[in-house]
Amino acid sequence: MRTEAVRVAEHDDEWEAGLEDDSSAVLRAVSRQIKLWREAAGMTQSELGAAIGYGDEMVSAVERGKRLPKPEFLDNADEALGAGGKLSAMKEDVKQARYPKKVRDLAKLEAKAVELGAYGDRNIEGLLQTEEYARALFVQRRPAYSEEEIDRNVAARMARQQILNGQPSPTFTFVQEEVTLRRPIGGRTVLRRQLEHLLEVAQLRHVTIQVMPTVCEEHAGMMGGHRVLKFADGKTLGHTEAQLTSRLISDPKEAQVLELRYGMLRSQALTPRESLAFIEKVLGET
C-alpha cells in the first residue's frame, strides 16, 4: 500500500510545472465571493474599505484577484457585509493558497519524515534561514519578484521552519559548504545574525549541523546540493533544485544514490563539534 508521502512524490509533473498552481483557483473563488457579497449589500469598494479599515485600492486588488486577503480582512468583511461566517470560513483555504504548491507539498513530506538530511552548496539551507536572510535571497531573484511575491515566498519559508520545534520532530542533519557561511547575503549584519541563528538551532538535540571546509580534497557533493528524506515505512525520497527546476526523486535507485552521497559528505565534513567551532570562528571574522 502506497504511503501518502510516496503518492505526493509520484506527481513529478506537478513539481515541474512552476509556481502556477491551485492557489490561483482559490484566489479567484475568494475574490468573487467578496465582490458578490459587497454588491448584494449595496456597498461600493470605497464604502467597504472604510467599514473594514482598508483603502479602496486594497479592496479592488482583492476583488480582482491581485492580492490574497489577510484573515482580518475576511473577518471584518464578513461582519460588514453580513455574510454570516461564510467569508471568515475561507481563511484556512486562503492560508494554504498563500504559499506556492511546491512548498506546501514539500512541507507535508517534511512533516511525515522521521529523518531529514540536507546539503547546502550555494546558500544556507531554507530550514535554517533567518527571515532577513531569506528575504535577501528572494530580493536577488531575476527576473525580479514583486513585493507581494517576495512576501509570499518568505512567509512560506518561515512557515516550513515550524517543523524544527514540532513534537514529535524528525532528526535533522545539515551539511553546509563553507562558502555559504562567508557569502554576505543581505550584508554583514544579516550574515552575522544568520550565523548566530545557526549556532542557536544547533543546540536543539534533534539537529546536527556540519561544515564542509573548502580545503577538503575529498568531496562527494560536487554534483550540487540535495536533500534526503526518510520515512517510518522505510521509504527514502530525494529532493534537488537547480535553476528553474525543483525535482522530487521517488525512484528507489536514484534516491539511494543521493543517500549514498549524503552519507559520504557527512563523513568528509567537519564533525559537529568542529563545525560549531568553525561557525563561531567565521562569526568572529564577520
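As the structure is a computational prediction, the values presented were derived from the model and not from experiment.

Definitions and cut-offs
Residues numbered from 1 in each chain as written. Predicted model: local features only at pLDDT ≥ 70, side-chain atom pairs only at ≥ 80, totals over all residues. Heavy atoms only, no water. Helix = DSSP H or I, 4+ residues; strand = E, 2+ residues; numbered from the N terminus. Buried < 20%, exposed > 50% of the residue type's maximum accessible area, 1.4 Å probe, protein only. Contact = heavy atoms within 4.5 Å. Areas by Shrake-Rupley, 256 points an atom, 1.4 Å probe, with all protein chains shown as cover. Polar contact = N/O pair within 3.5 Å; in protein donor to acceptor, adjacent residues only side chain to side chain. Core = buried A, V, L, I, M, F, W, Y, C linked by side-chain atoms within 4.5 Å. Phe/Tyr/Trp six-rings, centres within 6.5 Å; stacked < 30°, edge-to-face > 60°. Pairing = 2+ DSSP bridges. Axes fitted to C-alpha atoms, helices over the stretch in contact; angles between N-to-C directions. Parallel < 35°, antiparallel > 145°, perpendicular 65-115°, else oblique. Left-handed = near helix turned anticlockwise from the far one by under 90°. Arc of directions from axis to C-beta. Nonpolar A, V, L, I, M, F, W, Y, C, P; charged D, E, K, R; others polar.

Student: Would you mind showing me how to read the overall build of the chain here?
Tutor: Assigned secondary structure in the chain consists of 14 helices and six strands. Here the chain holds 286 residues, and 44% of them are scored as buried. Of the contacts made within the chain by residues no fewer than 6 positions apart, 73% connect residues no fewer than 24 positions apart. When the accessible surface of the chain is totalled, it reaches about 15,300 Å², and 50% of it is carbon and sulfur.

Student: Just checking my understanding: could you explain the environment of Asp233 for this structure?
Tutor: Position of Asp233 among the secondary structure elements: in the loop between strand 4 (226-231) and strand 5 (236-242). Looking at Asp233, the relative accessible area reads 38%, which means it is partly exposed. Linking Asp233 and Val114, residues 119 residues apart in sequence, is a C-alpha distance of 9.6 Å. Of note is the side chain of Asp233, whose polar atom sits 3.0 Å from the backbone nitrogen of Lys235.

Student: Even after reading the chapter, I still don't get the nonpolar core, so can you show me in this structure?
Tutor: Most often, soluble globular proteins keep nonpolar side chains buried together rather than apart. With 34 residues, the main nonpolar core has Phe172, Phe174, Leu181, Leu195, Leu198, Ile209 and Ile279 as its most contacted residues. Looking at this core, the elements that each hand over two or more residues are strand 1 (113-120), helix 9 (131-139), strand 2 (171-177), helix 12 (188-201), strand 3 (207-212), strand 4 and helix 14 (272-285). With six residues, the single largest contributor to this core is helix 12. In this view, Phe174 contacts Ala118, Glu125, Leu127, Leu128, Val207, Thr208, Ile209, Gln210 and Tyr262; residues no more than four positions away in its chain are not counted. Ranked by size, the runner-up nonpolar core spans 17 residues in total, among them Leu27, Val30, Met43 and Ala77.

Student: Whenever I open this one, the packing of aromatic side chains confuses me. Can you help?
Tutor: One pair of aromatic rings is described through two measures. These are the centre distance and the angle between the planes. Evaluated as defined, the whole model comprises three aromatic pairs. A centroid spacing of 6.2 Å and a plane angle of 25 degrees characterise the contact between Phe138 and Tyr145, whose relative ring orientation is stacked. Overall, the relative accessible area of 3% leaves Phe138 in the buried class.

Student: Is there a simple way to explain unusual backbone geometry in this structure?
Tutor: The phi angle of most residues is negative, glycine excepted, and most peptide bonds adopt the trans form. In this structure, the amide linkage connecting Arg142 to the following residue, Pro143, adopts the cis form with an omega of -5 degrees. Cis geometry marks the peptide bond from Gln167 to Pro168; its omega dihedral reads -5 degrees.

Student: Just to check I follow, could you spell out the environment of Met264 for this structure?
Tutor: Residue placement: Met264 occurs in helix 13 (residues 252-268). With 44 residues separating them in the primary sequence, Met264 and Ala220 have C-alpha atoms 6.1 Å apart.

Student: Explanation requested: the sheet that holds strand 3 in the structure shown.
Tutor: Either a parallel or an antiparallel arrangement is found when strands of a sheet pair, and the pairing is made through backbone hydrogen bonds. In spatial order, the strands read 3-2-1-4-5-6; together these six strands make up an open sheet with mixed pairing. Each edge of the open sheet is held by one strand with a lone partner, namely strand 3 and strand 6 (245-249). Adjacent strand axes in the sheet meet at a mean angle of 10 degrees, parallel and antiparallel pairs treated alike. Where strand 2 lies against strand 3, six bridges are found, and the strand directions are parallel. Residue pairing for strand 3: Thr173 is matched across the bridge by Thr208.

Student: Explain the side chain of His239 to me, please; I cannot follow it from the model alone.
Tutor: Mapping His239 onto the fold places it in strand 5. Taking relative accessible area as the criterion, His239 reaches 3% and is therefore assigned buried.

Student: Sorry, what's going on with the packing of helix 12 against helix 14 here?
Tutor: Angle between the axes and distance between the axes: these two values describe a pair of packed helices. Axis separation between helix 12 and helix 14 bottoms out at 10 Å; the angle between their running directions is 160 degrees. As judged from the angle between their axes, helix 12 and helix 14 are roughly antiparallel. The handedness of the crossing between helix 12 and helix 14 comes out as left-handed. Across the interface between the two elements, Arg192, Leu195, Glu196, Leu198 and Leu199 of helix 12 pack against Leu276, Ile279, Glu280, Val282 and Leu283 of helix 14.

Student: Sorry, what's going on with helix 4 (residues 45-52) here?
Tutor: Since there are 3.6 residues in each turn of an α-helix, residues three or four apart along the chain are aligned in direction. Restricting attention to buried positions, one finds in helix 4 the residues Leu48, Gly49 and Ile52. Buried residues of helix 4 fall within an arc of 100 degrees about the axis and therefore sit on the same side. Just past helix 4, the residue Gly53 takes up positive phi, approximately 85 degrees.

Student: Whenever I open this one, the packing of helix 9 against helix 10 (residues 147-160) confuses me. Can you help?
Tutor: Close contact between helix 9 and helix 10 brings their axes to 9 Å; oriented N to C, the two are set at 140 degrees. As judged from the angle between their axes, helix 9 and helix 10 are oblique. The interaxial crossing formed by helix 9 with helix 10 has right-handed handedness. Touching Glu131, Ala134, Arg135, Leu137, Phe138 and Val139 of helix 9 are Ile150, Asp151, Asn153, Val154, Arg157 and Met158, all from helix 10. When the residues that make up the contact of helix 9 with helix 10 are grouped by side-chain class, the tally is seven nonpolar, one polar and four charged.

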